[in-house]
Amino acid sequence: MKEFDYIVIGGGSAGCIVAARLVREGNARVLLLEAGRDEYHPVLKMPAGYMKFLASDKYLTLHQTEPQPQLDGRGVIVPQAKVLGGGSTVNAMVYMRGHRQDYDDWNAALGKQGIDWSWDALLPHFTAIEDNDHLGAPLHGVGGPMKVSHLGHFSPLSRAFVKTMQGLGIPYTPDFNRGNPFGVGFMQHTINGETRQRCSVVDAFINPLRDDPRLTIITNAQAEEILFEGDSASGVRYSKEGHSHQARARQEVILAAGAYQTPKLLMLSGIGPQEQLKQHGITLRHHLAGVGKNLQDHYEVPVVASTNGAFGYYGQDRGWPMVKAGLQYMLFKSGPVTTTGVETCAFFDPLDFNATPTIQMFCVPTVYLDRDVMGADPGHGVTVNSLLLRPKASGQVTLRDASASSLPVIDTQIFGHPDDLARTLAGFRFARNVIAATPIGDMVNAEIFPGAETTSDEALAAHCKRMVKTGYHPVGTCRMGHDDDPLAVLTDDLRVRGVKRLRVVDASMMPNIISGNTNAIVMAVAHRAGELLLRTQATPEKEAHDE
């Protein structure tokens, strides 16, 4: 059995950063296990390229959620990255930190004791990672490994959206990442501003260590069980190419497999709700009722309209327009290939502009519908999505069976709380005002989905239930919490309760979801997790939270 100082399970945004810090700063021998492949198509390096793979199972696991009674029996597709670098390799590259209040809520969930998870405490980790091409101290980093920039191209529809929102009373903001994301503006992305290429965590953290003998990367490896000696995690059993392998960790095992797979692996290893483990014949190691609970995500609903001209990106991915854009990108690093296609957004509460934002509204300069929804033909148009920032309902992740190769059962509970549907409807109605107002209204020909004739609350609610889709931001299934919280899985330093030498460093640690795209906060949490691990490594006798 091969031995390492640390084993990191999951090679996504969190796992790559933690592994890199332990190697570079801790002089540790680290095994990084990833279920996906260690390569990705060159098109994914292009900002617009990810759209080619939105429905592909080459780099994504396409989970079909449980039928939702509150969605009239519909089950939503929720993808998860299946490649080294995780979401940072295949996502839309948005760099968004969320609201200061989100982190105050984390501290409240922890009882405001112990480690501080406030905005101010995490800001140094955001800036340490970042190399921003146009913003600097004190709120942004310069010289870090992760490149952050604006996009290289904006469509006429995106520019019109920004001006229209200002006319409707939403002010312009040049930076959503100051701790109070309110207003309308152009989003920052994890893109190199000079080369105009995606900057994934592989580019930023792993590739500089490719030849370092202290880092071992094994891909296409399915983690099957965390191994224990007594109550201490000691290693992992995994399969690769049909063969079973084991690896030992001298220090700690670190879970970074994401909000779906991390709770699944804990339960397969005997840590989780006692009744569920018994149901699947898994020997209980430690009862933790919260494993898999508290699943939160962002959900969005569109209003779709046709336009009276080619103001967006329809048809740009084929024929002569594609060839022309490709040549422009290769020769000058400019043009439509330098955009993700989703360039702008707005944060606000449609019912009260003075309140903390409840909606993140995106303008997509084409007719865009999720893969499991039909009803509108492609064409020149605009899609305005209202994304609910803090849903009140939460779902859960459970085991399908006792096999590591089986996908978990995902119950999202979208619109499981009546306030979630009500807030979404308010955002949808405001989106209708947007496409009717100048200047974007001058570009719009007609609303095509759900159609201008759909006006009643009942009909609009049916539209929302039919069209709602994931925002690709699942979190919370192994949440931090205080000692008296029966559903708390982790302590404030990310240790799994009831066992030793086992931590969770991915998005499943969040007590509540962040108000915005989640990749940036996952990276900051992982950077801080690396610091916590290095501190423990320096003082191995410290076991204050191991119970």
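Reading the values: the criteria
- Residues numbered from 1 in each chain as written.
- Predicted model: local features only at pLDDT ≥ 70, side-chain atom pairs only at ≥ 80, totals over all residues.
- Heavy atoms only, no water.
- UniProt positions renumbered as here; feature names shortened; annotations may be inferred.
- Helix = DSSP H or I, 4+ residues; strand = E, 2+ residues; numbered from the N terminus.
- Buried < 20%, exposed > 50% of the residue type's maximum accessible area, 1.4 Å probe, protein only.
- Contact = heavy atoms within 4.5 Å.
- Patch = residues over 30% accessible without salt bridge, like charges linked within 9 Å, V, L, I, M, F, W, Y side chains within 5 Å.
- Areas by Shrake-Rupley, 256 points an atom, 1.4 Å probe, with all protein chains shown as cover.
- Salt bridge = Lys/Arg side-chain N within 4 Å of Asp/Glu carboxyl O.
- pLDDT = per-residue confidence, 0-100.

As annotated in an unreviewed UniProt entry, the chain is Sorbosone dehydrogenase from Izhakiella australiensis. According to the UniProt record, the Sequence similarities (unreviewed entry) comment for the chain is "Belongs to the GMC oxidoreductase family." Recorded in UniProt for the chain, the comment headed Cofactor (unreviewed entry) runs: "FAD".

### Some words on the side chain of glutamine 276
Topologically, glutamine 276 is positioned in helix H8 (residues 274-279). Judged by relative accessible area, glutamine 276 falls into the buried class, the value being 8%. Contacts of glutamine 276, omitting those with residues within four sequence positions, involve Met267, Thr398 and Leu399.

### Remarks on the UniProt feature "domain: Glucose-methanol-choline oxidoreductase N-terminal" (unreviewed entry) in the chain
Mapped onto this numbering, the UniProt entry annotates "domain: Glucose-methanol-choline oxidoreductase N-terminal" (unreviewed entry) at residues 81-104 and 258-272. End-to-end, the C-alpha atoms of residues 81-104 are 29 Å apart, and along that stretch the chain is 38% helix and 12% strand. Helix makes up 73% of residues 258-272 and strand 13%. Its end C-alpha atoms lie 16 Å apart.

### Let's talk about the UniProt feature "binding site: FAD" (unreviewed entry) in the chain
What UniProt calls "binding site: FAD" (unreviewed entry) maps, in this numbering, to Val83, Asn91, Ala92, Met93 and Val94. Locating asparagine 91 in the fold gives a position in the loop between helix H2 (87-90) and strand S5 (94-95). When near neighbours in sequence (up to four residues on either side) are disregarded, asparagine 91 contacts Tyr50, Arg198 and Asn519. Here valine 94 shows up in strand S5. Beyond its immediate chain neighbours, meaning those up to four positions away, valine 94 contacts Met187, Gln188, His189 and Asn517.

### Comments concerning a nonpolar patch on the surface
Nonpolar side chains collect at one region of the surface, where Trp320, Met322, Val323, Leu327, Met330, Leu331 and Phe332 lie side by side and expose about 800 Å² of accessible area between them. One can find tryptophan 320 in helix H9 (residues 319-332).

### Some points on the confidence of the model for the chain
The predicted model of the chain averages 94 in pLDDT, with 96% of residues at 70 or higher. Scored below 50 in pLDDT, residues 540-547 makes 14 contacts in the model with residues more than four places away or belonging to other chains.

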